[in-house]
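Chain and residue survey
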Amino acid sequence: MTYTCQNCGSTSEDHSTLCNPTGEAFENTFCQTSTEEVCDEKLPEMKFTCDECGGMSPDAEHLCTPRPIK
């Protein structure tokens, strides 16, 4: 089974390596995800932020109003 972190979207076969794992299919956006909720080791992978709420994601399609992080 693959687990997904509900905070930063990372996936793993081992749920203990994720900060907030779920075994459910994950299709939500990352909007409303603050930097405090993203695993420290995943922060460098966050390439986009949401102009509406400040959520962060590695991919633009997971945010409502994405803007590249410079």
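First things first, this report covers the structure right here in the doc. (Residues numbered from 1 in each chain as written. Predicted model: local features only at pLDDT ≥ 70, side-chain atom pairs only at ≥ 80, totals over all residues. Heavy atoms only, no water.)

To continue, consider the overall build of the chain. Summing up its helical and strand segments, the chain has 0 helices and 6 strands in all. Along the chain, from the amino end to the carboxyl end, the secondary structure elements read β-β-β-β-β-β. Once local pairs closer than 6 in sequence are excluded, the contacts in the chain between residues at least 24 apart make up 19%. When the accessible area of the chain is evaluated, it comes to approximately 4500 Å², of which 45% is carbon and sulfur surface. (Helix = DSSP H or I, 4+ residues; strand = E, 2+ residues; numbered from the N terminus. Contact = heavy atoms within 4.5 Å. Areas by Shrake-Rupley, 256 points an atom, 1.4 Å probe, with all protein chains shown as cover.)

This part is about the sheet that holds strand β4 (residues 48–50). In a beta sheet, neighbouring strands pair by backbone hydrogen bonds and run either parallel or antiparallel. Reading across from one edge, β5-β4-β6 is the order of the 3 strands in this open sheet, with antiparallel pairing throughout. The open sheet has two edge strands with one neighbour each: β5 (56–57) and β6 (66–68). Here β4 runs beside β6; their pairing, made up of 3 bridges, is antiparallel. In the sheet register, C50 faces β6, and the bridge partner there is P66. (Pairing = 2+ DSSP bridges.)

A few words on the state of the cysteines. Inspection of the entire model under this criterion finds 0 disulfides. The closest cysteine sulfur to the non-disulfide-bonded C53 is located on C50, 3.9 Å from its own sulfur. Using a relative accessible area of 29% as the deciding quantity, one classes C53 as partly exposed. (Disulfide = S-S within 2.5 Å. Buried < 20%, exposed > 50% of the residue type's maximum accessible area, 1.4 Å probe, protein only.)

Before going further, it helps to spend a moment on the environment of P21. Mapped onto the elements of the fold, P21 is located in strand β3 (residues 21–22). The spatial distance from the C-alpha of P21 to the C-alpha of T4 is 5.3 Å, given a sequence separation of 17 residues. P21 has contacts with Y3, T4, C5, Q6 and H15, leaving out every residue within four places of it along the chain.

Moving on, we get to the environment of D40. Here D40 lies in the loop between β3 and β4. By relative accessible area, D40 is classed as exposed at 64%.

On to the side chain of T49. Mapping T49 onto the fold places it in strand β4. Contacts of T49, omitting those with residues within four sequence positions, involve G54, G55, M56, L63, T65, P66, R67 and I69.

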